[in-house]
Amino acid sequence: MKNIDLTLHVWRQENPKDTGRFDQIEAKGISTHASFLEMLDVVNDRLLAQGKRPIAFDHDCREGICGSCGVMINGEAHGPVRGTTACQLHMREFDTRGIKELWIEPWRAKAFPVIQDLVVDRSAFDRIIQAGGYISVKTGQAPDANAVPVRKDDADQAFQAATCIGCGACVASCPNGSAALFVGAKITHLGLLPQGQTERASRVLNMVTKMDDESFGACTSHGECEATCPKGIKLDVIARMNGDYRRSVAAGG
Amino acid sequence: MAHIHPLPKLLGSTVALKAAMAVSGLLLVGFLVGHMVGNLQVFGLFGGREAMNAYGAFLHSKPILLWVARIGLLVMIAIHIGSAMALIQRNQAARPIGYHMKKPIASTYASRTMRWSGPIITAYILYHLAHFTVAGVGIPGYPLMDAQSRVDIYQHVVNSFQSPLVSLIYIVAMSLLSMHLWHGLWSLFQSLGLSNARWNVLKRPMATGLTVFIIAGFMAVPLGVLFGIVK
Ligand code: HEM
Ligand code: SF4
Ligand code: FES
């Protein structure tokens, strides 16, 4: 094990109305085995001991599956390691890259207002899901496992799209603040499965309309979302969303 | 299905505006290919002066077709620029507070400068129309006539591009167009929802190939004049 010294520039903002600023914090003797969030825990313990307010950051599972922990680290969503959430990012990654200074910022988007420090309100995503990211089924007994056949390719692609954890890195890293990768992932996940067909046309119209109403930007195919998505969601989910949208409007909206 | 959203709202969405940009952009590219191939006639191999001037005279002998094409192009440009401006505004509004540090990872210089290459190309188009089509800006004695008293387009081209400045303006404009096309020709598949696991790998090479084809064809003309191949 090795300990490293870092200089942090952390975005501090008391509340949604505060203009906010960067605080410089020396983080000395951080274990390279620590995760990025554990590093923040250590820093927060020290801040508390000094009677200062700890850094507010969002987290829950700490195993890369809940999507809470996203922050911008040195200009990259979830930090420098591809396919990795901030909670799964280890401090050795900075050591091996020779990085000693970290700029830590919250996701920046009109649709994701800052609540405090690094915590943003991602409920715009929830409202997009409520607009159509579901299937309506009769509850009751679980259906027979193989009663509804699904092509292997479709099942694989749907499953891949379903791994989206709603972290918001795609929006954060998109120069246009577009949520197209997130919405495309949901459209693809549900639209490839038989259970998703009934609402397929209305789903895409409702979700895209909601996405626009929540003031996300438009996709211009930069590909920053795909590059920073911790779950490896691919740009073709956006093509699928656009194709479903075109067909639904052509079918009469 | 119930009409939950009014059609004007659906057609004004970010997704619909991108589709409009893609269709208008694609039709403009179609025009560019035709224009470029037509230009190549200045080379002796493809007929030179005779072919070029006859081609111009032919187009002008069909005023209805010519005006349908011109108005069609204007409408496409209006749709393209109109949706571009609406989307640029929304995209800027989507991030009112920027980052202190932001590293581009997958985006390209071309993708990040679409909103600049586009307007510069448009400014160039206006100059280009004033130069060759409407007023002969920078061509003394415009319009020149050939022996069969047709407009001597060939001579206009030669006289113009013998000026290094005129050629330079043209070449710079084509360089910007190349970036706009290179990103646009790949992006439009996304915008139109054309994705196919087997063919997706061909999109980038196709965009590169078509861009090189178009730009090389256009650039050949001023270079041909500057190097004395066309005179
Ligand atoms: C003022 C003039 C123009 C502006 C502001 C403009 C702007 C844009 C913008 C912002 C995009 C979207 C890029 C993206 O998805 O990242 C775009 C796409 C495109 N542009 Fe232009 N452009 C202009 C002129 C032209 C011209 C003259 C042509 C063709 C000769 C052209 C061809 C294309 C094509 C093919 C696309 C791809 C459409 C898509 O992304 O779906 N543009 N343009
Ligand atoms: S698509 Fe990827 S980056 Fe976007 S919310 Fe889902 S997991 Fe996060
Ligand atoms: S804390 Fe759950 S994904 Fe990072």
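So, here's what we can say about the structure. Computed from a prediction, not measured in an experiment: that's the story for all the values here.

1. Remarks on the sheet that holds strand 2 (residues 21-31) of chain A
All names here are of chain A.
So, point 1. Across the sheet, five strands lie side by side as 2-1-5-3-4; this open sheet has mixed pairing. Sheet topology places strand 2 and strand 4 (76-77) at the edges, where each strand pairs with a single neighbour.
So, point 2. The pairing of strand 3 (residues 72-73) with strand 4 spans two bridges and is antiparallel. Directly across from I73, in strand 4, lies its bridge partner E76.
So, point 3. Contacts from helix 1 (residues 36-49) reach strand 1 (3-12), strand 2, strand 3 and strand 5 (101-105), with the element oriented near 105° to strand 2.

2. Comments concerning the interface of chain B and chain A
So, point 1. Between chain B and chain A, the residue contacts involve 45 residues of the former and 53 residues of the latter.
So, point 2. Of the roughly 3900 Å² buried where chain B meets chain A, counting both sides, 55% is carbon and sulfur surface.
So, point 3. When the buried surface of chain B facing chain A is broken down by residue, Y99(B), I105(B) and Q190(B) rank first, second and third, together holding 15% of it.
So, point 4. The interface formed by chain B and chain A holds three salt bridges in total.

3. A look at the coordination of the iron atom of ligand 1
Residue and element names in this part refer to chain B.
So, point 1. The protein atoms donating to the iron atom of ligand 1 are H80 (NE2) and H180 (NE2), with metal-donor distances spanning 2.0 Å.
So, point 2. One can describe the donor arrangement at the iron atom of ligand 1 as octahedral, given that its six donor atoms subtend angles of 88 to 179° at the metal. With H80 in helix 4 (residues 63-93) and H180 in helix 8 (residues 164-191), this residue pair connects regions lying 100 residues apart in the sequence.
So, point 3. Since its relative accessible area comes to 16%, H180 is described here as buried.

4. Some thoughts on helix 8 of chain B
Residue and element names in this part refer to chain B.
So, point 1. Taking 1.5 Å per residue, 28 residues should reach 40 Å; helix 8 reaches 39 Å between its end C-alpha atoms and fits that length.
So, point 2. At L185, helix 8 is bent by approximately 30°, the largest bend along its length.
So, point 3. Phi turns positive one or two residues past the end of helix 8, at G193, with a value near 70°.

5. Examining the site of ligand 1
So, point 1. Around ligand 1, the surrounding shell holds 21 residues, and the nearest of these are K18(B), H80(B), T122(B), H180(B) and S191(B).
So, point 2. With respect to ligand 1, the chains having nearby residues are chains A and B.
So, point 3. Between ligand 1 and T220(A), the relevant distance is 2.8 Å, taken from an oxygen atom to a main-chain nitrogen or oxygen of the residue.
So, point 4. Taken together, the elements giving at least two residues each to the shell around ligand 1 come down to helix 2 (14-39), helix 4, helix 6 (114-134) and helix 8 of chain B.
So, point 5. The dominant element in the shell around ligand 1, judged by the number of residues it contributes, is helix 2 of chain B, at seven residues.

6. Description of the side chain of R108(A)
So, point 1. As for its placement among the helices and strands, R108(A) is situated in the loop between strand 5 and strand 6 (114-116).
So, point 2. Of the side chains with opposite charge, E105(A) lies nearest to the buried R108(A), which makes no salt bridge, at 4.7 Å.
So, point 3. The residues contacting R108(A), other than those within four sequence positions of it, are W11(A), Q13(A), V114(A), R95(B), I97(B), G98(B) and Y99(B).

7. A word on the site of ligand 2
Residues and elements named next belong to chain A.
So, point 1. Neighbouring ligand 2 are 14 residues; C164, C167, G168, C170 and C229 lie closest to it.
So, point 2. At the level of secondary structure, the elements contributing two or more residues to the shell around ligand 2 comprise helix 5 (169-173) and helix 6 (180-191).
So, point 3. Within the shell around ligand 2, the residues separate by chemical class into eleven nonpolar, two polar and one charged.

8. Things to note about the packing of aromatic side chains
Residue and element names in this part refer to chain A.
So, point 1. For the structure on display, the rule yields eleven aromatic pairs over all chains.
So, point 2. Plain terms: the ring middles of F112 and F216 are 5.6 Å apart, the flat faces sit at 80° to each other, and that makes the pair edge-to-face. Of this pair, F112 sits in the loop between strand 5 and strand 6 while F216 sits in the loop between helix 7 (200-213) and helix 8 (224-228), and the two are 104 residues apart along the sequence. Comparing F112 with F216, the two get one shared label, buried.
So, point 3. Here F125 and F182 contribute two aromatic rings whose centre-to-centre distance is 3.6 Å and whose plane-to-plane angle is 0°, an arrangement assigned as stacked. Here F182 lies in helix 6 and F125 lies in helix 3 (residues 123-132), a separation of 57 residues in the sequence.

9. Focus: the nonpolar core
So, point 1. F216(A) and M241(A) are the most contacted members of the largest nonpolar core, which has 79 residues in total.
So, point 2. No other element matches helix 8 of chain B, which puts nine residues into this core.
So, point 3. When residues no more than four places from it in sequence are discounted, the contact partners of M241(A) are A180(A), V183(A), G184(A), I187(A), V204(A), V208(A), M211(A) and V15(B).
So, point 4. Core analysis: the second largest hydrophobic core is formed by 29 residues, L89(A), M91(A), I104(A) and L118(A) among them.

10. Let's talk about the layout of surface pockets
Empty pockets left among the atoms are what a rolling probe the size of a water molecule brings to light.
So, point 1. What the second largest pocket holds in volume is close to 320 Å³.
So, point 2. Lining the second largest pocket are 15 residues, with Q157(A), R240(A), S195(B), N196(B) and A197(B) sitting closest to its centre.
So, point 3. Of all elements in the fold, only helix 4 (152-162) and helix 9 (236-250) of chain A reach the threshold of two or more residues within the lining of the second largest pocket.
So, point 4. Along the lines of polarity and charge, the residues of the lining of the second largest pocket split into four nonpolar, five polar and six charged.

Here is what the cut-offs are and how they apply
- Residues numbered from 1 in each chain as written.
- Chains lettered and ligands numbered in written order.
- Predicted model: local features only at pLDDT ≥ 70, side-chain atom pairs only at ≥ 80, totals over all residues.
- Heavy atoms only, no water.
- Pairing = 2+ DSSP bridges.
- Helix = DSSP H or I, 4+ residues; strand = E, 2+ residues; numbered from the N terminus.
- Contact = heavy atoms within 4.5 Å.
- Axes fitted to C-alpha atoms, helices over the stretch in contact; angles between N-to-C directions.
- Buried area = accessible area lost by both parts, 1.4 Å probe.
- Salt bridge = Lys/Arg side-chain N within 4 Å of Asp/Glu carboxyl O.
- Donors = N, O, S within 2.8 Å, 3.2 Å for Na, K, Ca; no water.
- Tetrahedral: all angles 85-135°; square planar, octahedral: opposite > 155°, others 65-115°.
- Buried < 20%, exposed > 50% of the residue type's maximum accessible area, 1.4 Å probe, protein only.
- Expected span 1.5 Å × (residues − 1).
- Bend = angle between axes of the 7 residues up to and from the residue.
- Near = heavy atom within 4 Å.
- Polar contact = N/O pair within 3.5 Å; in protein donor to acceptor, adjacent residues only side chain to side chain.
- Lys, Arg positive; Asp, Glu negative; His and termini not counted.
- Nonpolar A, V, L, I, M, F, W, Y, C, P; charged D, E, K, R; others polar.
- Phe/Tyr/Trp six-rings, centres within 6.5 Å; stacked < 30°, edge-to-face > 60°.
- Core = buried A, V, L, I, M, F, W, Y, C linked by side-chain atoms within 4.5 Å.
- 1 Å grid on protein atoms, 1.4 Å probe; cavity = no way out; pocket = protein on both sides within 12 Å on 5 of 7 lines; lining within 4 Å.
- Points joined across faces, edges and corners; volume = space filled by probe spheres on them.

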